[in-house]
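Structure assessment
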Amino acid sequence: MKVCLFEKRAQPLLQSGRFKRSAFLHSAHTGGRAAGTHRPQRLAGAGAHRKAHVGGGPSAGCRPNVAVTCTAASAEVTVCVRGLYAAMSEFLVSLLGERLVNSEKAEVDVQSLGARLSLVGLFFGCSLNAPCKQFSGSLCEFYSRFKKTSEHKDKLEIVFISSDQDQKHWQDFLQEMPWPALPFKDRHKKMKLWNKYKVTSIPSLVFVDATTGKIVCRNGLLVVRDDPKGLEFPWGPKPFAEVVEGPLLRNNRQTADSSSLEGHYVGVYFSAHWCPPCRSLTRVLVESYRTVKESGQKFEIVFVSADRSEESFKQYFSEMPWLAVPYSDEARRSRLNRLYGIQGIPTLILLDAEGHMITRQGRVEVLNDPECRLFPWHPRPVLELSESNAVQLHEGPCLVLFVDAEDEGELEPAKELIQPIAEKLMAKYKAKEEETPLLFFVAGEDDMSDSLRDYTNLPEAAPLLTILDMSARAKYVRDVEEITPAIVEQFVTDFLAEKLKPEPI
């Protein structure tokens, strides 16, 4: 028999825009758990399966120099250029720290490095990962050729961001690299970069603007493969209509020109027949596609295959009622992968009628909205935690508000409490053309929430305000009697300002 503080299940109280715990203090209850204690470990059954899903990692399945003169105008221009260089250097220091280290164990001053760069390639990898070792060799060849032959050779630098746990392994791997790396011990900076650029698999090469840190190209692996001489530097994004331009196939062997997509919402679907999650999503997506089309919406999907043979492509595409990039057009398929920085499949990118991205999370949206009531699936500020969207917990820090609710309707007050804060944060980063650094969830009483609490070793208390950073294996917990908007906003502000002390997961 276990001692429990509650004789009956504590219900959340929403009073004046706040969540408050019930104030019952009662006697023993068979099978209960005390508020503030930890849940017993699940060892088998559905809960254990979901726990593995929550805890598992992402699926493997990717300025000219100005001379100083004596004139006042020239002096003013020189000051402005120096100011620009100083701003570039200061930004890189904030992004990478003051010092990097090279293969000879010598320090590299980031401030002086930033004075000449326009592009930085962040190479995320690990010495023990065979694909990383293989790609590192290809990147070395690319880098050496670029530094010798490109007119832009002084405008690019690569920085290695390691996930190695052993310093000797890291040092041995660095010996093979002609570029600098973040210091081995700077784990905090590494985790910030993983989260900022939402890296979900390795190897990964992300090209970012040296002055702003904004992503120029997510999928540098394809740059190295498709542009070995670096002729397309700086590999910036092009409009979807330009990248997809050309004939598209239907499964009845007819073709349509890509111009037929104009004025339509478009789903760009990266998938393959050999991938079981892809086939599962395709079955659902076929029904969603038909539902949206029948509602009168201008909607089309373009399949971009990752199949291993044309025969597999044809077999898989025969199940699809939409368009596809021809399998033989490998260059166009690769450009689309590069444009959206595809790191794993299935991925469904949703675009508006002008070709601007609505969301990268089309897969989650389709699974969560089988009746397509929320089409075209603009990002929602707050999500209800479910098995289909739990994968997003691995994409960066997530605020999760746990409440004592078993039915969906009971979660609405919790969503209403944190939604204005989530909306404010989304608007702030959208104005800066950056991705929101924090996702927001509410979680009730179900197996998914239990599994997440088990894995992250959270207390039973409800309401419970947390921020979970799976990639850094860190959690931040605000365990108070009442959760108010002011408490949530301060919690978020302190987290973004790095004022909170993490606890290990």
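In the nomenclature of an unreviewed UniProt entry, the protein is known as Nucleoredoxin of Amphiprion ocellaris. Its UniProt record gives the protein the following Sequence similarities (unreviewed entry) comment, quoted word for word: "Belongs to the nucleoredoxin family."

The next thing to look at is the sheet that holds strand 16 (residues 383-384). Spatially, the six strands line up as an open sheet ordered 16-18-17-19-20-22, and their pairing is mixed. Each edge of the open sheet is held by one strand with a lone partner, namely strand 16 and strand 22 (503-504). In this structure, strand 19 (residues 464-469) lies alongside strand 20 (residues 474-478), joined through five bridges in antiparallel fashion. When the bridges of strand 20 are listed, Leu468 appears paired with Lys475.

Under the counting rule described, the total for this entry stands at 18 salt bridges. The salt bridge involving Glu433 is made with Lys214; its shortest N-O contact spans 3.5 Å. Within this pair, whereas Glu433 is found in the loop between helix 13 (412-431) and strand 18 (439-443), its partner Lys214 is found in the loop between strand 7 (204-209) and strand 8 (215-217), the two being separated by 219 residues in sequence. A relative accessible area of 65% means that Glu433 is categorised as exposed. For the salt bridge of Lys293 with Glu300, the shortest nitrogen-to-oxygen distance reads 3.8 Å. For Glu300, a relative accessible area of 5% gives the class buried. One salt-bridge network, in which partners are shared between bridges, spans Arg99, Glu107 and Asp109.

The next subject is helix 4 (residues 130-149). For helix 4, spanning 20 residues, the distance from its first C-alpha to its last is 29 Å, which sits close to the expected 28 Å at 1.5 Å a residue. Among the residues of helix 4, Cys132, Phe135, Ser136, Leu139, Cys140, Phe142, Tyr143 and Phe146 are the ones counted as buried. Buried residues belonging to helix 4 abut strand 5 (119-125), strand 6 (156-162), helix 5 (167-174), strand 7 and helix 7 (220-226). Residue Asn129 occupies the N-cap position of helix 4, its side-chain oxygen lying 2.9 Å from the main-chain nitrogen of Cys132.

Conventions we followed
- Residues numbered from 1 in each chain as written.
- Predicted model: local features only at pLDDT ≥ 70, side-chain atom pairs only at ≥ 80, totals over all residues.
- Heavy atoms only, no water.
- UniProt positions renumbered as here; feature names shortened; annotations may be inferred.
- Pairing = 2+ DSSP bridges.
- Helix = DSSP H or I, 4+ residues; strand = E, 2+ residues; numbered from the N terminus.
- Salt bridge = Lys/Arg side-chain N within 4 Å of Asp/Glu carboxyl O.
- Buried < 20%, exposed > 50% of the residue type's maximum accessible area, 1.4 Å probe, protein only.
- Expected span 1.5 Å × (residues − 1).
- Contact = heavy atoms within 4.5 Å.
- Polar contact = N/O pair within 3.5 Å; in protein donor to acceptor, adjacent residues only side chain to side chain.

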